[in-house]
Amino acid sequence: MKGQIENKPGVVEKSPVTALPEDKGTPVLKATVIYIVDGDTIHVRLENGRKEKVRFIGVDTPESTRIVELYGKEAAAYTRKELTDRTVYLELDVAQRDKYGRLLAYVWLMPPRENSKTEVRKAMFNATLLLIGLAQVMTVPPNVKYADIFVEFQKEAREAEKGLWGTIKTPAPVSISNKASTETKYIGNSNSKKFHRPDCQWAQKIAPRNRVEFGKREEAIKAGYQPCKTCKP
Ligand SMILES: [Zn+2]
């Protein structure tokens, strides 16, 4: 992996680099955000003029599942609002690029002075996304420098039902069969001349060609139908 990085032209180590005071090994790159791909991926221009695609380390903004798709859009909008044209400080970890060649970074909104939880909460954008519930923790070793803090922040957001955590706990939308039951009160079988509540197991087994719907119980009785002994309509 290390060899792979060294073989790439224009490796990160050759860019203008500053380091965290107590952590001389960690490069921090000053950059300007020039484009937002989505909630956790941006394009930047480094101080040396080179453009880079940057994927935020340790977080994943929603996009795949239907229930949180909305928050994927919201996360992208939030990142766009907060980061567009902004100067950021990219702190790298052990693995500097992913398999797509994207730079992997902790995105600081001011030059990071220390690695404390307080500082991360205050000034690291990756952490902000977790704290407001617009991202979930996604730990990909070996980039685990802030993994514990990220998990803590996610727990905090989940307990406060922030963002997508609030959505996940919301009951699913009314299903089509439940919706039908509010409109159709009784279902008859024109073959057996029995009628049922819509949620009765027997009602659900009636062949479409024998299925009759009644809005009121009396209508079914008047039409000569007998109430089912299972669901007792
Ligand atoms: Zn029934």
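Structure first, text after, so check above.
Residues numbered from 1 in each chain as written. Predicted model: local features only at pLDDT ≥ 70, side-chain atom pairs only at ≥ 80, totals over all residues. Heavy atoms only, no water.

So, the coordination of the zinc ion
Keep this limit in mind: Only N, O and S atoms count as donors, using a 2.8 Å cut-off from the metal and 3.2 Å for Na, K and Ca, and because water is excluded some sites may appear unfinished. Geometry assignment treats four donors as tetrahedral when all angles are between 85 and 135 degrees, treats four as square planar and six as octahedral when opposite donors are over 155 degrees apart and all others between 65 and 115, and treats everything else as irregular. Helix and strand labels come from DSSP, where a helix needs a run of H or I of at least four residues and a strand needs a run of E of at least two; each type is numbered from the N terminus. To sort residues, take the accessible area from a 1.4 Å probe on protein chains only and compare it with the maximum for the residue type: under 20% means buried, over 50% means exposed, and anything in between is partly exposed.
Distances from the zinc ion to its protein donors, H196 (ND1), C200 (SG), C228 (SG) and C231 (SG), fall within 2.2 to 2.4 Å. Note that the zinc ion binds 4 donor atoms; their angles at the metal cover 96 to 127 degrees, and the shape is tetrahedral. Along the chain, the residues donating to the zinc ion fall in the pattern H-x3-C-x27-C-x2-C. With C200 in the loop between strand 10 (194-196) and strand 11 (211-214) and C228 in the segment after strand 12 (226-227), this residue pair connects regions lying 28 residues apart in the sequence. Across the pair, C228 and C200 agree in class, each one buried.

Remarks on the pairing of strand 4 (residues 51-56)
Threshold: In short, DSSP must find at least two bridges between two strands for them to pair.
Across 5 bridges, the pairing between strand 3 (residues 41-46) and strand 4 is antiparallel. Pairing of T41 across the sheet is with R55, part of strand 4. From the end of strand 3 to the start of strand 4, which pair antiparallel, there are 4 residues, and G49 there has a positive phi angle of about 95 degrees. As judged from the 3 bridges shared by strand 4 and strand 7 (residues 103-108), these two strands associate in the parallel manner. Following the sheet pairing, V54 is matched in strand 7 by L103.

What to know about the pattern of salt bridges
To keep it simple, the criterion reads: Whenever Lys or Arg places a side-chain nitrogen within 4 Å of a carboxyl oxygen from Asp or Glu, that contact is recorded as a salt bridge.
Scanning the model with the defined rule gives 13 salt bridges in all. The salt bridge partner of R55 is D40, with a shortest N-O separation of 3.6 Å. You can see R55 sitting in strand 4 and its partner D40 sitting in the loop between strand 2 (23-38) and strand 3, a full 15 residues away along the chain. Here R55 and D40 have matching classes, each one buried.

Here's the deal with the side chain of N143
Heads up, the condition is: Think of a polar contact as two N or O atoms within 3.5 Å of one another; within protein, one of them needs to be a possible hydrogen donor and the other a possible acceptor, and neighboring residues in sequence only count if both atoms come from side chains. Here a residue-residue contact requires only that any non-hydrogen atoms of the pair lie within 4.5 Å.
Looking at the element boundaries, N143 is found in the loop between strand 8 (136-137) and helix 5 (147-159). Residue classification places N143 among the buried positions, given a relative accessible area of 6%. One polar contact links the side chain of N143 to the main-chain amide nitrogen of V94, over a distance of 3.1 Å. For N143, the side chain forms a polar contact with the main-chain nitrogen of A95, separated by 2.8 Å. Ignoring sequence-local partners within four residues, the contact set of N143 consists of I57, D93, V94, A95, L104 and Y106.

Quick word on the packing of aromatic side chains
Test applied: In summary, the pairing rule links any two rings of Phe, Tyr or Trp, Trp by its six-membered ring, whose centres are within 6.5 Å, and it sorts them by plane angle into stacked for under 30 degrees, edge-to-face for over 60 and tilted for everything else. Either the NZ atom of lysine or the CZ atom of arginine qualifies as a charge over a ring when it sits within 6 Å of the ring centre and within 35 degrees of the ring normal.
For the structure on display, the rule yields 8 aromatic pairs. A centroid spacing of 5.8 Å and a plane angle of 85 degrees characterise the contact between Y186 and F195, whose relative ring orientation is edge-to-face. Owing to a relative accessible area of 15%, Y186 belongs among the buried residues under this scheme. Residues F214 and Y225 carry aromatic rings whose centres are separated by 5.1 Å and whose planes lie at 65 degrees to one another, so their mutual orientation is edge-to-face. In this pair, F214 is assigned in strand 11 and Y225 in the loop between helix 8 (217-222) and strand 12, connecting sequence segments 11 residues apart. Here the two residues F214 and Y225 agree in accessibility, since each one is buried. Joined through ring pairs, the aromatic side chains of Y106, W108, Y146 and F150 make up one cluster. Over the ring of W202 we find K205, and its NZ or CZ is 4.8 Å from the ring centre.

Points about the environment of F195
Among the secondary structure elements, F195 is positioned in strand 10. Residue class for F195 comes out buried when judged on its relative accessible area of 0%. As a C-alpha pair, F195 and Q226 span 31 residues in sequence and 6.0 Å in three-dimensional space. Beyond its immediate chain neighbours, meaning those up to four positions away, F195 contacts Y186, I187, G188, R217, A220, I221, Y225, Q226, P227, C228 and P233.

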